[in-house]
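The lines below spell out each chain.
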Amino acid sequence: MRNAIALPLLGLAVILQSAIVSQFSLLSGYADLLLVILAAWALQEGVTTAFHWAFLASIMVSFASHLPWFIYLLGYCGVVFLALALQRRVWQAPLLAMFSVTFLGTLFMHLLSFAYLRLSGDNLPFSDSMGSITLPSILLNLLLAIPIFGMMRDLAHWVFPSMEER
Amino acid sequence: MKDLLSRTLQTSIIFLVVGGILVLAFGGFFSSASNQLTGGFVSAQTWFATRYQAIQQFLAAPRDIATLRTRNTELEAQVAQLQAQVINLQQAVNQTQILSALVNFSRTNPENSYVAASVIGRDPSPFLHYVIINQGSNGGIQRGMPVVTSDGLVGRVDAVIADAARVQLITDPASSVNVHLKNANTDAMLQGSVTGDLSLDLISQDATVEPGDLILTSGLGGGFPPDLIVGQVVNIHKLPAELFQQATVQPSVDFSRLQIVLIITNFQSVDVTPLIPTTTP
């Protein structure tokens, strides 16, 4: 039942992303709050609902974005998949896993968006997209990674209390 | 008789002695002695006074600190309240200035009818240049309506829901606007880019374009009404081998500071897509 926190949390994240985070740009890139939240959530121990969160987030964010929902769904599910794969391999260094997922997830999401827009006929030079959007966005996402990871860890403890606490 | 004489003599002598002492004192002959005497008194009085004040302060201090703390808290609360008021008033002044400019703009263009809207968000994807406004179909907004500010053209409405709409900015990479260069008296196409820069394409090689030339919407294609200010030419790229000239453009609108926009509601955009010939195999 505590998993229902996903609805208000992701809703708030979409609002913050659209109203505030998108205003703080570095060159032409800006952070993706939802991506970082999903990555941090999927990396928490005991979390079994990361794909559900990714589905919800992609539906919510597609209301505000011109990009179609399936691009977000593919991108966010890819981030969650990456996080779950890395969690098993670098479970002793969660922050390292967080940075890796943020880096690779942002890259994956941007390549997906780039591919879709190019196929739609938009004029997007690859070098400009990488230099002005993707790399600054990765940097901003990495800056967000540590505080978001801490917040999501606390949230995971609340949603999935350990057996001793129960 | 003898007693009376002796008493009078004694009194006179006392008066004379006292008077003499006073005359000597006023004359400054006792200054060193009086200084020592008064100095001792002053020192003693100072010692007692400072000790008394210290004890008084020690006894009265707790009450004063409590009073001062309360007062300080009150004043801090008042300062915070006043700062909030100042911020609110500054925002109100900014909004009033923007609205005043928009009213002036609508007065100078009375042929159009407008609906004002606030910009409440941006597209979450950094690849796209879209903004979200707080007016939708309930406010009479429809897809394709042009969006402007007092500075010039902003874009067009891309999607509408009941109380909000998404506006494609002219800086979006997928945006293209037919424009007219006023000084060169020629038409061109304005295109956005992924970095938000604007460029002009399809300028005839015969046209004489110079930096600073004003760019207006031409109205061709039916997407925008004519004669809306778009920006100014900054650089021209003219190569003899090319079919057309190209130019970079400085937009008249500062897209990073969009707060309030006007939607032209009496303009019906024309969808020319069915008229564009498609290649058949």
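Residues numbered from 1 in each chain as written. Chains lettered and ligands numbered in written order. Predicted model: local features only at pLDDT ≥ 70, side-chain atom pairs only at ≥ 80, totals over all residues.

A. Examining the sheet that holds strand β5 (residues 165-169) of chain B more closely. Residue and element names in this part refer to chain B. Pairing within the closed barrel is antiparallel, and its six strands lie in the order β1-β2-β5-β4-β3-β12. Averaged over all pairs of adjacent strands, the angle between strand axes in this sheet comes to 45°, irrespective of strand direction. Relative to strand β4 (residues 153-160), strand β3 (residues 146-148) runs antiparallel, the two being bridged by three bridges. Across the sheet, residue V147 finds its bridge partner in β4, namely G155. (Pairing = 2+ DSSP bridges. Helix = DSSP H or I, 4+ residues; strand = E, 2+ residues; numbered from the N terminus. Axes fitted to C-alpha atoms, helices over the stretch in contact; angles between N-to-C directions.)

B. Quick peek at unusual backbone geometry. For L27 of chain A, which is not glycine, the phi dihedral falls at a positive 55°. On the secondary structure map, L27 of chain A appears in the loop between α1 (6-19) and α2 (33-42). Given 16 C-beta atoms within a 10 Å radius, L27 of chain A is considered partly exposed. Non-glycine residue N185 of chain B carries a positive phi angle of around 50°. Take N185 of chain B: it is sitting in the loop between β6 (176-181) and β7 (186-191). The class of N185 of chain B is exposed, set by 9 C-beta atoms lying within 10 Å. (Buried ≥ 20, exposed ≤ 12 C-beta atoms within 10 Å, placed from the backbone.)

C. Spotlight on the interface of chain B and chain A. Taken together, the contact between chain B and chain A spans 19 residues of the former and 24 residues of the latter. Of all the secondary structure elements, the ones that give two or more residues to the side of chain B that touches chain A are β1 (114-122) and β2 (130-133) of chain B. Examining the composition of the side of chain B that touches chain A, we find that three residues originate from one element, β1 of chain B, more than from any other. For the side of chain B that touches chain A, the per-class residue count stands at 10 nonpolar, five polar and four charged. (Contact = placed C-beta atoms within 7 Å. Nonpolar A, V, L, I, M, F, W, Y, C, P; charged D, E, K, R; others polar.)

D. Broad picture of helix α3 (residues 50-64) of chain A. With 15 residues, α3 of chain A ought to run about 21 Å at 1.5 Å a step, and its terminal C-alpha atoms sit 22 Å apart, in line with that. Against the buried residues of α3 of chain A lie α1, α2 and α4 (69-89) of chain A together with β1 and β2 of chain B. (Expected span 1.5 Å × (residues − 1).)

E. Structural detail: the sheet that holds strand β11 (residues 244-251) of chain B. All names here are of chain B. If you trace the six strands once around the closed barrel, you get β6-β7-β8-β11-β10-β9, paired in antiparallel fashion. On average, each strand axis in the sheet is tilted by 40° relative to the strand beside it, whichever way the strands run. One ladder, built from five bridges, connects strand β8 (residues 198-204) with β11; its direction is antiparallel. When the bridges of β11 are listed, I203 appears paired with Q245.

F. Inspection of α4 of chain A at higher detail. All names here are of chain A. Across its 21 residues, α4 extends 30 Å between first and last C-alpha, which sits within 8% of the 30 Å expected from 1.5 Å per residue. For α4, the full list of buried residues reads Y72, G75, Y76, V79, V80, L82, A83 and L86. Viewed end-on, α4 has its buried residues packed into an arc of 160°, placing them on one side of the element. Away from its buried face, by an angle of more than 90 degrees, α4 presents the exposed residues F70, R88 and R89. Among the structural elements, α2, α3 and α5 (94-119) are those in contact with the buried residues of α4. (Arc of directions from axis to C-beta.)

G. Summary view of the environment of A6 of chain A. Residue and element names in this part refer to chain A. Along the polypeptide, A6 turns up in helix α1. Residues A6 and S18, spaced 12 residues apart in sequence, show a C-alpha to C-alpha distance of 18 Å. The contacts of A6, once residues within four sequence positions are left out, are W53 and L56.

H. A look at the confidence of the model for chain A. Averaged over chain A, the pLDDT score is 87; the fraction of residues at 70 or greater is 96%. For chain A, α1 of chain A is the element with the lowest average pLDDT, namely 89, and α2 of chain A is the one with the highest, namely 93. (pLDDT = per-residue confidence, 0-100.)

I. Examining the confidence of the model for chain B more closely. For chain B, per-residue confidence averages 85 on the pLDDT scale, and residues scoring 70 or more make up 95% of the total. The lowest-confidence element of chain B is helix α1 (residues 2-26) of chain B, averaging 80 in pLDDT; the highest-confidence one is β5 of chain B, averaging 93.

J. Layout of the packing of α3 of chain A against α4 of chain A. Residues and elements named next belong to chain A. Across the interface, α3 lies against α4 with an axial gap of 8 Å and an inter-helix angle of 155°. By the angle class used here, α3 and α4 are roughly antiparallel. As for the relative orientation of α3 and α4, their crossing is right-handed in sense. Along the contact surface, α3 presents A50, F51, A54, F55, A57, S58, I59, V61 and S62, while α4 presents W69, Y72, L73, Y76, C77, V80, A83 and L84. Partitioning the contact of α3 with α4 into residue classes produces 15 nonpolar, two polar and no charged. (Parallel < 35°, antiparallel > 145°, perpendicular 65-115°, else oblique. Left-handed = near helix turned anticlockwise from the far one by under 90°.)

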